[in-house]
Amino acid sequence: MDDQSKYQDPDWIDAYLLEQLSESQVLEFEEALKSDADLRNKVDEYRAVKEGVEDSGREELKERLKALEGLVSLETKVSKRTAVWYSSRIAAVIILLILPFYFILSDVSDLDSEEVFASHFKPYPVLANGTVRGEAADDPLADGLRAYENGDYELSIITLENTLKQADSSNIGNFYLALSYLANEDAGEAIHLLQGLAEDRDFNLYEQAKWYIGLAFLKNNQPEEARNTFQSLYKNTSDPSLKRKAERILADM
Amino acid sequence: MNEGLRNTDQLLKELKQGDTGLLDEVYLENRDAFLNWIAKNFNLKEEDAADIYQDTLIVFYENVRKGKLKQLSVNLQTYLFSVGKNLALKRHRSMRLIRKHEDELVAKAESVEDPFSTESDERIEAVKAAFEKMEEPCHSILKRYYYFRQSMTEIAAALNYKNADTVKSQKSRCMKHLKKMVKTVFNG
């Protein structure tokens, strides 16, 4: 490869666009750009890909932060409303005190568990977990995961259930099936599926499974079981991110 | 501040390695202080302040991922305030300009033709539209490479590919495929 044509190599173009070249390499490359119209076209093509992908990634991140903001401001509004309610109705508390104690407790814990669940539950991403989705267009596991990613949990449940019936039991399929159930308000089924996964040390998401069991307990209004699960996760996990999540949710409970 | 976020060097390192959940934590940790500060200093509505805060976090995150921010010489909150201040000033200036010279700006915009920039924007939009329709593994490889700035080796490890060269060949196929899709978008 002569000196001039080496710059046509996608590695050079990417390195230039991603600002990974040294100063002298940038000068070399830009010198080549001046005299090579083909190279300029190719760089423009690659730049458009880079910027298009960046725009898309940025928009996705923005949506995620907006959703997080929505949850936080909702939480703030709920607690403000609760504070106003209490301050204006102190007398009502006296009435509440004469009600059976268990009733008050169960009522309060219903509200708390649901709120804590809603502010901490996020479906586990398919793309960030190190698993590969099937490349074939008719791969049912890939179809199930795609439905899950699109938030169509009813479809992902049907597809993943069928996949698991046909093939050997797949941990990944089971994991996303459990999360689909959880997102689809069926915490009992989610707990059932996740328990096996959380005990399987060979499954690389077994600690994530434990995290979601805790959330499923919250959703199922079993705060004590949820607390025990998060405490055990906090104590035993070596993943700093999960440890922080467990710490945060325990503080919220 | 949360024990986990006390060490900013560690935080930057973990964000660079791809711990996106950590960004949510940074958001929550600094949200109230930022929103109070920016609302007070720029007289912003609640939703505008939150919008600027989200953009601030995105600038911060992208700088970390691109390797432009490896260390902080000030604490994280001061850094976020400084980015937020620039974004708010920029927005404030453009709003003032739009209000003050709306007619002139419109007239000026209409008289200046920049076909290259228009074409270039269209091309990026077309790439974006095609990319968002892309199937796996291309969508994920290109996103990891260009947005999250992961190396071929990191992508190979994350997506269970044999090695970096295999990802490189796959990426090359994806680029060709994307190019075809973009052509279809352009040709309607």
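All values reported here derive from a predicted model rather than from experimental measurement.

Chemist: A description of the overall build of chain A should follow, citing residues and the corresponding values.
Modeler: The secondary structure content of chain A amounts to twelve helices and zero strands. Each helix (α) and strand (β) of chain A, taken in turn from the N terminus, gives the series α-α-α-α-α-α-α-α-α-α-α-α. Restricting to contacts in chain A with at least 6 residues of sequence separation, those with at least 24 account for 52%. When the accessible area of chain A is evaluated, it comes to approximately 13,900 Å², of which 53% is carbon and sulfur surface.

Chemist: Can you lay out the interface of chain A and chain B for me, pointing to particular residues and giving the numbers?
Modeler: With 44 residues of chain A at the contact, the number on the chain B side is 52 residues. Taken over both partners, the interface formed by chain A and chain B buries close to 4,600 Å², and the fraction arising from carbon and sulfur atoms is 53%. Of all residues in chain A, A:L65, A:R244 and A:R248 bury the most surface against chain B, accounting for 14% of the area lost on that side. Our enumeration of links across chain A and chain B arrives at 14 salt bridges. Between B:E135 and A:R146 there is a salt bridge; the shortest N-O distance is 3.6 Å. There are 16 residue pairs in polar contact (both at pLDDT 80 or more) connecting chain A and chain B. With 25 residues, helix 3 (residues 37–88) of chain A is the largest single contributor of residues to the side of chain A that touches chain B.

Chemist: Account for the pattern of salt bridges, naming residues and giving values.
Modeler: Working definition: two side chains of opposite charge can pair if their charged atoms are close together. One pass over the structure, following the stated rule, counts 28 salt bridges over all chains. Residue B:E62 is joined to A:R58 by a salt bridge in which the shortest nitrogen-to-oxygen separation is 2.7 Å. Linking B:E62 in helix 3 (residues 46–65) with A:R58 in helix 3, this pair reaches from one chain into another.

Chemist: How would you summarise the state of the cysteines if you had to cite specific residues and measurements?
Modeler: All names here are of chain B. Counted by the stated rule, this structure contains one disulfide over all chains. Linked covalently through their sulfurs, C138 and C174 form a disulfide whose S-S length is 2.2 Å. Between C138 and C174, the disulfide has an S-S torsion of -80° and is therefore left-handed. Of this pair, C138 sits in helix 7 (residues 138–147) while C174 sits in helix 9 (residues 164–186), and the two are 36 residues apart along the sequence. Take C138: its relative accessible area is 9%, and that puts it in the buried class. Given the relative accessible area of 0%, C174 is considered buried.

Chemist: Would you mind going over the confidence of the model for chain A in detail, with residue names and values included?
Modeler: All names here are of chain A. Averaged over all residues, the pLDDT of chain A is 79; the fraction at 70 or higher stands at 77%. Per-element mean pLDDT across chain A ranges from 38 in helix 4 (residues 90–98) up to 94 in helix 1 (residues 10–17). Ignoring residues within four places in sequence, the model shows residues 85–111, a span with pLDDT below 50, making seven contacts including any to other chains. Contacts of residues 128–136 to residues separated by more than four positions or lying in other chains number 24 contacts, the stretch itself having pLDDT below 50.

Cut-offs and rules
- Residues numbered from 1 in each chain as written.
- Chains lettered and ligands numbered in written order.
- Predicted model: local features only at pLDDT ≥ 70, side-chain atom pairs only at ≥ 80, totals over all residues.
- Heavy atoms only, no water.
- Helix = DSSP H or I, 4+ residues; strand = E, 2+ residues; numbered from the N terminus.
- Contact = heavy atoms within 4.5 Å.
- Areas by Shrake-Rupley, 256 points an atom, 1.4 Å probe, with all protein chains shown as cover.
- Buried area = accessible area lost by both parts, 1.4 Å probe.
- Salt bridge = Lys/Arg side-chain N within 4 Å of Asp/Glu carboxyl O.
- Polar contact = N/O pair within 3.5 Å; in protein donor to acceptor, adjacent residues only side chain to side chain.
- Disulfide = S-S within 2.5 Å.
- Buried < 20%, exposed > 50% of the residue type's maximum accessible area, 1.4 Å probe, protein only.
- pLDDT = per-residue confidence, 0-100.

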